[in-house]
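Inside the fold
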Amino acid sequence: MYKQKLSISINSSFDRTKLCDEFEILMSNLCKRGQIIGPYETPFIAENALIAYQTTLEDTSLSEKYYDEYTAKRIGDIENWCNSTLRTEVIGKAISDHRGACQCKKPDFYVLFTHALNDTGFLECGTCNQIVPLYKLAQLNYDDRHEMLSWETNYKSCDNLQLNCTVGEKWATMQMSDPKSSLSKQGTAICQRIWEATEIPTYYYLHNYRRISLQKDKERLCPSCHGNWLLKKPLLDFYNFKCEKCKLLSTFSPVAF
Ligand SMILES: [Zn+2]
Ligand SMILES: [Zn+2]
C-alpha cells in the first residue's frame, strides 16, 4: 500500500467553494472505483492549491487508464476551472506488512472478506492470497461497485456493533453468521455477480463466533445446504470450512475450546 499526494494549483479566479466541493467529490469517485482505499482523507486547500493525501493499493493505482467516465469528466472540469493539471505523486509506502496487490492473470477463485479493522481492499485472490485491485476488473459496472461499497460499509458497521458489545451485538453477529441474513444476501449476490462478470468463482465468508467445544465446531455442517464442509487443512492458511456448492467459507470459532 502506498500514500499518494493529489494536488492541483488554482490559476484562475473560479469560485473556490465550488472547486473544493468538486475536488472532494473526485475523492469519492476514485474511492468507488477502488483507486483509493476508503474511507478517503478529507482534502484541503493551501494557498493556491487543492491537496489530498490518500492511500492506494499499488503505486500505479491512480493511473488515468483506470478512471471511469465520471472521474475523467470531473478531472477535466476541475483542470479547466483551475487552469492547470492534476498531479499525483507517490510519497511513501505503508510501514505495516499489508498484503500487496494480486497480479494473477486467472485466479482460481476470489473471496469477499472484510472486518471492522480492515484498511485494505475486501476482495481476496484465492491463488496468491493478496488483494484484488477492483479498478482492474473492467467487467464490473458502476452499480456493481456501488453495491460492493454498500456491502463493505454494512459489514464493517455490523462488525463494529459486535465488537462494541453494547448495542445490537447479537443481531450484528447473526447478520455476519447466517447465510439468510440481509447482509449475507447482499454479500452473496455480489459474489454471484463477480463470478458472472469475471468467470472466477467467488466465495462468501461467514463469521463464526460461538462458545462451544472445538469438536462440536468441527461437526458443524454448511449452514445453507447442510452438507459436509470441513476442510482437511486450512485454505489460504485461514479458512477451515468450504462449501463448494454454496460458495461459502468459514473458520473455526476463535473462542471454541
Ligand atoms: Zn492473485
Ligand atoms: Zn452448502
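For the structure, see preceding data.
Predicted model only: the values in this text are computed from it and were never measured. (Residues numbered from 1 in each chain as written. Chains lettered and ligands numbered in written order. Predicted model: local features only at pLDDT ≥ 70, side-chain atom pairs only at ≥ 80, totals over all residues. Heavy atoms only, no water.)

Before going further, it helps to spend a moment on the overall build of the chain. The number of helices and strands found in the chain is six helices and 10 strands. Dimensions of the chain along its principal axes, counting C-alpha atoms only, are 70 × 45 × 35 Å. Expressed as a percentage of its 257 residues, the buried residues of the chain come to 45%. In the chain, 66% of the contacts between residues at least 6 apart in sequence involve partners at least 24 apart. Averaged over its 31 positive side-chain charges, the chain has a centre that lies 7 Å from the centre of its 31 negative ones. (Helix = DSSP H or I, 4+ residues; strand = E, 2+ residues; numbered from the N terminus. Buried < 20%, exposed > 50% of the residue type's maximum accessible area, 1.4 Å probe, protein only. Contact = heavy atoms within 4.5 Å. Lys, Arg positive; Asp, Glu negative; His and termini not counted. Charge placed at Lys NZ, Arg CZ, Asp CG, Glu CD.)

Attention now goes to the coordination of the zinc ion (ligand 1). Protein-derived coordination of the zinc ion (ligand 1) comes from Cys102 (SG), Cys104 (SG), Cys125 (SG) and Cys128 (SG), at a distance range of 2.3 to 2.4 Å. For the zinc ion (ligand 1), the four donor atoms in the first shell make angles of 103 to 114° at the metal, so the coordination geometry reads as tetrahedral. Spacing between the donor residues of the zinc ion (ligand 1) along their common chain follows C-x1-C-x20-C-x2-C. We classify cysteine 125 as buried; its relative accessible area is 0%. Its relative accessible area of 27% is what places cysteine 128 among the partly exposed residues. (Donors = N, O, S within 2.8 Å, 3.2 Å for Na, K, Ca; no water. Tetrahedral: all angles 85-135°; square planar, octahedral: opposite > 155°, others 65-115°.)

Let's shift gears to the coordination of the zinc ion (ligand 2). Taken together, the protein donors to the zinc ion (ligand 2) comprise Cys222 (SG), Cys225 (SG), Cys243 (SG) and Cys246 (SG), at separations of 2.2 to 2.4 Å. If you look at the zinc ion (ligand 2), its four donor atoms make angles of 104 to 116° with each other, and the shape they trace is tetrahedral. Expressed as a motif, the donor residue spacing for the zinc ion (ligand 2) is C-x2-C-x17-C-x2-C. Of the two residues, cysteine 225 sits in the loop between α6 (214–218) and β8 (230–235) while cysteine 243 sits in strand β9 (residues 239–243), which places them 18 residues apart along the sequence. Judged by relative accessible area, which is 5%, cysteine 243 ranks as buried.

Applying the stated criterion to the full structure yields 16 aromatic pairs. Measuring from ring centre to ring centre gives 6.1 Å for phenylalanine 44 and tyrosine 53, while their planes differ by 20°; the resulting arrangement is stacked. Look at phenylalanine 44 and you get partly exposed, because its relative accessible area is 37%. Taking 6.0 Å as the distance between ring centres and 65° as the angle between the ring planes, the aromatic pair formed by phenylalanine 122 and tryptophan 151 counts as edge-to-face. Of the two residues, phenylalanine 122 sits in the loop between β5 (110–112) and β6 (123–125) while tryptophan 151 sits in helix α3 (residues 142–164), which places them 29 residues apart along the sequence. Of the residues examined, tryptophan 151 reaches a relative accessible area of 1% and is grouped as buried. Among the aromatic residues, those joined into a cluster by ring pairs are Phe113, Tyr205, Phe238 and Tyr239. Sitting over the ring of phenylalanine 241, arginine 220 keeps its end group 4.6 Å from the ring centre. (Phe/Tyr/Trp six-rings, centres within 6.5 Å; stacked < 30°, edge-to-face > 60°. Lys NZ or Arg CZ within 6 Å of the ring centre and 35° of its normal.)

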